[in-house]
Amino acid sequence: MPANRPATEEPRLTVTRPPRRRLRRALAAALSVPVIGLVLLVASGNLLLPLRQVVTIEAKMASKRDFFQDPVVERLLMKHGFRVHITNMGSREIAKQDYEPYDVVFPSGQPAADLISRERARANRPVLLYRPFVSPIVLATYRDYAEVLTAEGVAKPLPGSGGRPMYYTLDMRKFLDLAHGKRNDVQRGPRDGGGYRWDEIDRDDHVRNGNRILAQTSDICEANSAGTYLGLVAFVEHGNDAPDTEAEAEQLARKIKPLLVEQGLPSSERAETYLSPDGQSIAPISVIYEHQFLAHQIGHEAARGATDDERVLLYPSTRFVTEPQLVALTGDGARLGELVSKDPELQYRAMELGFRSRNATSGTTSDELARFLTERRIPVPTSSSDDTRAVLPSLPLLEKMIEMVGDCPDRTGGR
């Protein structure tokens, strides 16, 4: 290098640091979203769900799948490590077809559950039964039809109904008499038209309906609600007594067959039809479960601030409270049964869906539903002191009557 060349300075790189305060603010903004998400996961109890083993319960269910398919119930079950995969079918189908691959089956009433538990007991494979809630069958109708029946002396408002009643008691004997063509103790002959029609007893043109006076049911061969209603009708027609022999049962089945209308619909769809805008023109009276009606009224009040004033219930004066039984076939099924029967959150959600929850200790129906409805200004259904407790025929005789009335095909599935 030439000696006379001037020396040059090395270039310097200057790093500018942001102020500490600005840096803290940027970090706080970036961290706020995951921190808030973490807090929400902890609060909801879902933080450990990805790490917890989730058990998939294979289940056959009838109308009580309404409970297990509710999004809130699904979330609560997932919190406890359960996912329920449901195969939907009627209660009698559940009992008649193969249920060995399943963890639980949940028919809507006791007869189907008894069929299953008896068969398993004969095979020395007993089951565990759980009764988490209760829902009686009811006759769902519309205000105009209830008022026609009231004017006829067949129905009357239940005590405590107040101004425009939501609940009535239905005299089953008088109601079935109208279907037989008997009115005010006078029987008319077949030439006069047989059973009465709505427009024949409607003095004030409330309904203008020329159909026969009947309660329409789901498919008798499949649905517990229809089979239970058949049992109620049989009880009344047999002088408030159940048949004792096969001959009596067969004779009674032939007698009541014209009083039962098979529509081929599962219980949930029968309720959906009743609650639809066209329900009144399709079926003036439908046999459904009480929880389906109450869930509608709870939702209607929450959405609109008032109950649905046009839809009302007829409680048969002869009653049979359905006892839905969750039948646990495996250990995982038994864990699910324990959970839905005793978990306070699941029991409360059942009440929000219109079910009468059971006290886990005493097994009796609690008063929580009445308080829940009262808080929301929804009338509370009450019982009439004149009601008769119905007794269903023995299981073999009830099965025989259902098969005769419904002309049921063999659906044993090779079992």
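Only a predicted model underlies this, so the values are computations on that prediction, with no experimental measurement involved.

Analysis parameters
- Residues numbered from 1 in each chain as written.
- Predicted model: local features only at pLDDT ≥ 70, side-chain atom pairs only at ≥ 80, totals over all residues.
- Heavy atoms only, no water.
- Helix = DSSP H or I, 4+ residues; strand = E, 2+ residues; numbered from the N terminus.
- Buried < 20%, exposed > 50% of the residue type's maximum accessible area, 1.4 Å probe, protein only.
- Contact = heavy atoms within 4.5 Å.
- Areas by Shrake-Rupley, 256 points an atom, 1.4 Å probe, with all protein chains shown as cover.
- Phe/Tyr/Trp six-rings, centres within 6.5 Å; stacked < 30°, edge-to-face > 60°.
- Core = buried A, V, L, I, M, F, W, Y, C linked by side-chain atoms within 4.5 Å.
- Salt bridge = Lys/Arg side-chain N within 4 Å of Asp/Glu carboxyl O.
- Axes fitted to C-alpha atoms, helices over the stretch in contact; angles between N-to-C directions.
- Left-handed = near helix turned anticlockwise from the far one by under 90°.
- Nonpolar A, V, L, I, M, F, W, Y, C, P; charged D, E, K, R; others polar.
- Pairing = 2+ DSSP bridges.
- Parallel < 35°, antiparallel > 145°, perpendicular 65-115°, else oblique.
- Expected span 1.5 Å × (residues − 1).

## Thoughts on the overall build of the protein
Helices and strands together make up the secondary structure of the protein, namely 17 helices and 18 strands. The 415 residues of the protein split such that 49% are buried. Sequence-distant contacts in the protein: of pairs separated by 6 or more residues, those separated by 24 or more amount to 75%. As presented, the protein carries roughly 21000 Å² of accessible surface, and 51% of it is formed by carbon and sulfur atoms.

## A few points about the environment of P159
Tracing the chain through its elements places P159 in the loop between β7 (155-157) and β8 (167-170). For P159 and P381, which are 222 residues apart along the polypeptide, the C-alpha to C-alpha distance reads 8.9 Å.

## Considering unusual backbone geometry
Backbone geometry at R208 places phi at a positive 50°, although glycine is not the residue there. Of note, R208 is situated in the loop between α8 (198-201) and β11 (216-217).

## Details of the packing of aromatic side chains
Per the stated rule, a full pass over the model turns up eleven aromatic pairs. Summarising the aromatic geometry, the rings of F67 and F68 are spaced 5.1 Å apart at their centres and angled 90° between planes, so their arrangement reads as edge-to-face. Comparing F67 with F68, the two get one shared label, buried. The interplanar angle of 80° and the centroid separation of 6.1 Å between the aromatic rings of F68 and F106 together place this pair among those described as edge-to-face.

## Describing the nonpolar core
One finds F175 and Y229 to be the most contacted residues of the largest nonpolar core, which totals 72 residues. Top contributing element to this core by residue count: helix α9 (residues 224-237), with eight residues. Apart from the residues lying within four places of it in its own chain, the contact partners of F175 are L139, V154, L170, I213, L214, A215, Y229 and I285. Grouped together as the second largest cluster of nonpolar side chains are 26 residues, V73, L77, A334 and L339 included.

## Focus on the pattern of salt bridges
Scanning the model with the defined rule gives 23 salt bridges in all. Note that R164 and D309 form a salt bridge whose closest N and O atoms lie 2.5 Å from each other. Within this pair, whereas R164 is found in the loop between β7 and β8, its partner D309 is found in the loop between α13 (290-304) and β14 (311-316), the two being separated by 145 residues in sequence. Taking the relative accessible area as the measure of exposure, R164 reaches 48% and is therefore partly exposed. Ionic pairing is found between D407 and K257, a salt bridge with its closest N-O pair at 3.0 Å. Here K257 lies in the loop between α10 (246-256) and β12 (261-262) and D407 lies in the segment after α17 (395-406), a separation of 150 residues in the sequence. Given the relative accessible area of 33%, K257 is considered partly exposed. The structure contains a network of salt bridges with shared partners spanning R143, R164, D309 and E310.

## Some remarks on the packing of α10 against α17
For the pair α10 and α17, the least separation of the axes is 9 Å and the interaxial angle reads 35°. When you trace α10 past α17, the crossing you get is right-handed. Touching E246, A249, E250, L252, A253, R254 and I256 of α10 are L397, K400, M401, M404 and V405, all from α17. Class assignment for the residues of the contact of α10 with α17 results in eight nonpolar, no polar and four charged.

## So, the sheet that holds strand β1 (residues 55-61)
The five strands lie next to each other as β2-β1-β3-β16-β4, forming an open sheet whose pairing is mixed. Strands at the two margins of the open sheet, each flanked by one partner only, are β2 (82-88) and β4 (128-130). For this sheet, the mean inter-axis angle between neighbouring strands, taken without regard to orientation, is 25°.

## Description of the pairing of strand β6 (residues 137-142)
Most of β6 is tucked away: six of the six residues are buried. Taking every second residue as pointing to the same face, both faces of β6 are buried, with I137, L139 and T141 on one and V138, A140 and Y142 on the other.

## Points about the packing of helix α14 (residues 331-342) against helix α15 (residues 344-352)
Contact pair α14 / α15: the axes reach a minimum separation of 5 Å and the direction vectors enclose 65°. Considered as vectors, α14 and α15 are oriented roughly perpendicular to each other. Residues L339, V340, S341 and K342 of α14 form the contact with α15, whose own contacting residues are P344, L346 and Q347. Here the contact of α14 with α15 is built from residues that sort into four nonpolar, two polar and one charged.

## Side note on helix α5 (residues 110-122)
Over its 13 residues, α5 runs 18 Å from end to end, which matches the ideal 18 Å to within 8%, given 1.5 Å per residue. Of all the positions in α5, only P111, A112, A113, I116, S117 and R120 are classed as buried. Those residues of α5 hidden inside the fold are in contact with α4 (91-96), β3 (104-106), α9, β16 (326-328) and α17.

## A word on the side chain of T318
By the secondary structure assignment, T318 is in strand β15 (residues 318-319). Judged by its relative accessible area of 4%, T318 falls in the buried class.

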